[in-house]
Amino acid sequence: MARYITYGKREKETVKQGIAAIREVLMGEDDGAKKSLLLALDWFMDPYYKQDAYIADFREQLTDLLQTVVVTSGDTEVAGDALCLLTSYAWPPFDILEKNIHRVSPRIRPDVLYAIHMDSEYDER
């Protein structure tokens, strides 16, 4: 049975409260809450929606937190969602991913390696 992930006012408020509130959810135990918050973060991180000003003051910390989620999450979907945000809205170097590649789920390791080396394809041109 398919499960739909949504976000609403609660997730938006969490992001607006800042990095500590985001960290509390993403490092917590509720994978459903994590998935909802990661979906909300997509809206905030995507410059198209013009909401990225809310995260401007802690963007680097958010990038580090997302890397930590990729490395530590026991849920491959949560880790994959965090990685998708990194590859869509951030740019290497991803030091946390590089130093902890051995801790990443084998299912997403190829995608993590892609993220780590995203800038390499441009260096060769």
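Every chain begins its residue count from 1, and numbering advances along the sequence as written. Only residues with pLDDT of at least 70 get local features here, since the model is predicted, and only at 80 or more are side-chain atom pairs given and counted; chain-wide, interface and lining totals rely on the full set of residues. To get the side-chain values, take all heavy atoms of the structure and skip hydrogens and water.

Attention shifts here to the pattern of salt bridges. By salt bridge we mean one thing: a side-chain nitrogen of Lys or Arg within 4 Å of a carboxyl oxygen of Asp or Glu. The tally for this structure, following the rule as stated, stands at four salt bridges. Notably, a salt bridge pairs Asp75 with Lys35, separated by 3.5 Å at the nearest N-O pair. Highlighted residues: Asp75 in the loop between α4 (59-72) and α5 (76-89) and Lys35 in helix α3 (residues 31-45), separated in sequence by 40 residues. This pair shows no difference in class: Asp75 is buried, exactly as Lys35 is. Across the pair Lys35 and Glu77 runs a salt bridge, and its minimum N-O distance is 3.2 Å. Within this pair, whereas Lys35 is found in helix α3, its partner Glu77 is found in helix α5, the two being separated by 42 residues in sequence. With relative accessibility at 9%, the residue Lys35 sits in the buried group. Here the salt bridges share partners, and the residues they tie into one network are Lys35, Asp75 and Glu77. Numbering of helices and strands runs from the N terminus, with a helix taken as a DSSP run of H or I at least four residues long and a strand as a DSSP run of E at least two residues long. Only protein chains enter the accessibility calculation, which uses a 1.4 Å probe; a residue whose area is less than 20% of its type maximum is buried, one above 50% is exposed, and one in between is partly exposed.

Definition used in this section: a nonpolar core is a set of buried Ala, Val, Leu, Ile, Met, Phe, Trp, Tyr and Cys residues joined via side-chain atoms within 4.5 Å. Within the largest apolar cluster, 34 residues are counted, with the highest numbers of intra-cluster contacts made by Ile22, Leu26, Leu41, Leu62, Leu66 and Leu97. When contributions to this core are tallied by element, the ones reaching two or more residues are α2 (19-26), α3, α4, α5 and α7 (109-116). Looking at which element gives the most residues to this core, the answer is α5, with seven residues. In this description, contact between two residues means that some pair of their heavy atoms is separated by no more than 4.5 Å. Not counting chain neighbours up to four residues away, the residues in contact with Leu62 comprise Ile19, Ile22, Leu41, Met45 and Ile55.

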